[in-house]
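The chain contents come next:
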Amino acid sequence: MKTRVALGVFLSAAMALPLAACNANTAATGGGESSADSGVTINYWLWDDRQAPLYQQCADDFHAANPNITVKITQTAWGQYWDTLTTQLAASNAPDTFVDHSTRMLQFIDSGQIMDITEAANKAGIDDSIYQPGLADLSKYEGKRYGLPKDWDTEGLLYDTAVATEAGYSKEDMAELTWNPTDGGTFEQFIAKTTLDANGHNGLDPEFDKNNVVRYGYHPEWSDGAIGQNGWGELAAANGFTYGDRSVNPTKFNFGDKSLVDTVAWIKGLVDKGYAPKFDKTSSLGTDAVMNNGNAASTIAGSFTTSVYLGPDAKKKFAYAPLPTGPAGRRSAMNGLHDVVWSGTKHPEESFQWIAYMASEACQMKVGESGVIFPAVTKATEASLKAREAQGQDNSAFTTVVENKETFPVPVFAHGDEVNALIQDAIQAIATGADPASTLQEANDKANALLDTEIEISDGIDTFSAERASSFPSDIITTRPDRRCRRCEEPPWNDSPSLCPPELRAHPPMRRSSREGRGMRSSAPRA
């Protein structure tokens, strides 16, 4: 399958993670030992409501094969998912297993919140060769394994076919759109032509009333963390933007770069021209509702949304075109999710058994046959494409970018929560009128300051000083009365526990780590 070959080439080259592939039997339900006779319940969290019933079927099959283990699935929408998970992790009351995202992986590893499953995976005979090449490596770091592959996705330009046709655009025209941050290229021309005011004037008509728009040509995503995976990230990458000095564990962020500044400024320009809705409108309406109600003609969306827009419940006829080609070419984010085990679970063996089953061909084939997502297992991806084709779907926008090596990896960085909040707040501030250059530069400086808070180790003695700690912003050094630093009984921490850096709280004695630029980290689970 061409997609598999191209994906392997891309991920193997782009994701600079250590390789520790296991070459044994495919994962099944026998990954761990039996639980107690009374049985146990494993909690599993995910955010996608379209996938919840699919994994419920897997959970039922898993329980049938393991009667002493019951899986309870909880689905929470994307935004609330991370807020709730963060709260529960801090309270040491997290789910046994949950879906993890690349942008949070290092954060969870650093804080000891996810379990090192290297030994368990080896004993279970997890075979990475069944997955799309490179996907298994996304949840490995420094020779250790922290998760198992779940699925992968790319992005495309979703558009209302009737509106596009009315504006004079064929499928071939949509596949050849170009973009630049100066005049927007033919992409902005399409957006303008498909924008309509209450009097029937499009965005190019001299009589167009930008204050009385009934259909916008483009719906931007302003709530997309530090990645912009569903909008500004693709356009910025097409303009030459890179998130940092490297895609995995960057030592410096580039969010103040002109390539991103100009991109976000262009998107805000669409709002000012009346071609895109104002932020206060987009923040209260979901993209699905906006598109299905005909309030917008196009948006950038992932391969995981096809069941919404190409499925039987779609209110309009939609299609996906390849993303517009920018100054640096056509660029689509590519991401792979993974299932992980919380390090504080009371049932580590049973929890691993469950995520091993989700990563198995048996489970992922059932998920793939639904056509909802592209599972990590290669055969399951093929099953998903076959199911989509049977439904009359054209998914070439998602697969050709892989075949043509037009993808870029979603970056893996530490301080995921803080960095995502910093950059999203900056992007949203720009959406409401803040200066793009100064706003992004300030956010970038704060994000880099988070990287600078890392503690250096010299012969096992941390050189972090109370004076240095007191100089950090309050949102970096926070008080956690429920945890204590391993040195809190020694000066200066016993005098001012609030200065105890998060990196030291509740940690056992630490050893030197080989991670470049991040010298104070142990990958062992922590209390």
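Keep in mind that this is a model prediction, so the values were computed, not measured.

Mind laying out the nonpolar core, listing which residues take part and the relevant values?
If you look at the biggest cluster of nonpolar residues, it comprises 78 residues, and the most contacted ones within it are Y55, F98 and W354. Those residues in contact with F98 that lie beyond four places of it in its chain are Y44, W45, Y81, L85, F108, I114, H338, D339, V340 and W342. With 56 residues, the next largest nonpolar core counts Y159, Y216, I423 and A443 among its residues.

Lay out the packing of aromatic side chains in plain terms, naming residues and giving numbers.
Inspection of every chain in the model, using the stated rule, returns 25 aromatic pairs. Aromatic side chains F208 and Y275 sit 6.1 Å apart centroid to centroid with 50 degrees between the ring planes, which places their arrangement in the tilted category. Taken together, the positions of F208 in the loop between β8 (196-197) and β9 (213-215) and Y275 in the loop between α10 (258-273) and α11 (279-282) put the pair 67 residues apart, joining distant regions of the chain. Among the aromatic residues, those joined into a ring-pair cluster are W47, W78, Y81, W82, F98 and F108. It is R104 that lies over the ring of W82; its NZ or CZ is 4.1 Å from the centre. Note that K150 overlies the ring of Y55, its terminal NZ or CZ placed 3.5 Å from the centroid.

Let's hear about the pattern of salt bridges: which residues, and what values?
One pass over the full model with this rule turns up 15 salt bridges. Salt-bridge contacts for R330 lead to E406; the nearest nitrogen and oxygen are separated by 3.9 Å. Of this pair, R330 sits in the loop between β11 (318-321) and β12 (332-341) while E406 is found in the loop between α17 (396-403) and β14 (407-409), placing the two residues 76 residues apart along the sequence. Summarising the burial analysis for this pair, R330 and E406 share the class buried. Beyond isolated ion pairs, a larger network of salt bridges with shared partners links D128, D137, K140 and R145.

Quick rundown of the confidence of the model for the protein chain? Include the residues and the values.
For the protein chain, the average pLDDT comes to 82, and 78% of its residues sit at 70 or higher. Across residues 1-36 the pLDDT falls below 50, and counting only partners more than four positions away or on other chains, this stretch makes 103 contacts in the model. A low-confidence stretch, residues 455-527 (pLDDT under 50), is modelled with 129 contacts involving residues beyond four sequence positions or located in other chains.

Talk me through the pairing of strand β10 (residues 298-302); I want residue IDs and the actual numbers.
Most of β10 is tucked away: five of the five residues are buried. Residues of β10 alternate between two faces, with S298, I300 and G302 on one and T299 and A301 on the opposite face, all of them buried.

Give me the lowdown on helix α19 (residues 436-452), citing residues and values where you can.
Here α19 contains 17 residues, and its C-alpha end-to-end distance of 24 Å stays within 8% of the 24 Å for a straight helix at 1.5 Å per residue. Three or more residues of α19 are buried, namely P436, T439, L440, A443, N444, A447, N448, L450 and L451. Around the axis of α19, the buried residues are gathered within 165 degrees of arc, so they sit on the same side.

Can you tell me about the pairing of strand β1 (residues 40-46), naming the residues and giving the values?
The element β1 is largely enclosed, with a buried count of five among its seven residues. Judged from the seven bridges that link them, β1 and strand β2 (residues 69-75) form a sheet pairing that is parallel. Along β2, the bridge assignment pairs W45 with T74. Between the parallel elements β1 and β2, the chain passes through helix α2 (residues 52-65) in a crossover that is right-handed. Pairing between β1 and strand β3 (residues 97-100): two bridges, direction parallel. Looking at β3, one finds that Y44 is bridged to T97.

Residues and numbers for empty space enclosed by the protein, please.
Across all of its chains, the model carries one cavity of 30 Å³ or more by this definition. Taken together, Y218, P220, E221, W222, G231, W232 and I267 make up the full set of residues lining the largest cavity.

Rules of the game
- Residues numbered from 1 in each chain as written.
- Predicted model: local features only at pLDDT ≥ 70, side-chain atom pairs only at ≥ 80, totals over all residues.
- Heavy atoms only, no water.
- Core = buried A, V, L, I, M, F, W, Y, C linked by side-chain atoms within 4.5 Å.
- Buried < 20%, exposed > 50% of the residue type's maximum accessible area, 1.4 Å probe, protein only.
- Contact = heavy atoms within 4.5 Å.
- Phe/Tyr/Trp six-rings, centres within 6.5 Å; stacked < 30°, edge-to-face > 60°.
- Helix = DSSP H or I, 4+ residues; strand = E, 2+ residues; numbered from the N terminus.
- Lys NZ or Arg CZ within 6 Å of the ring centre and 35° of its normal.
- Salt bridge = Lys/Arg side-chain N within 4 Å of Asp/Glu carboxyl O.
- pLDDT = per-residue confidence, 0-100.
- Expected span 1.5 Å × (residues − 1).
- Arc of directions from axis to C-beta.
- Pairing = 2+ DSSP bridges.
- Right-handed = clockwise from strand over helix to strand, strands pointing away.
- 1 Å grid on protein atoms, 1.4 Å probe; cavity = no way out; pocket = protein on both sides within 12 Å on 5 of 7 lines; lining within 4 Å.
- Points joined across faces, edges and corners; volume = space filled by probe spheres on them.

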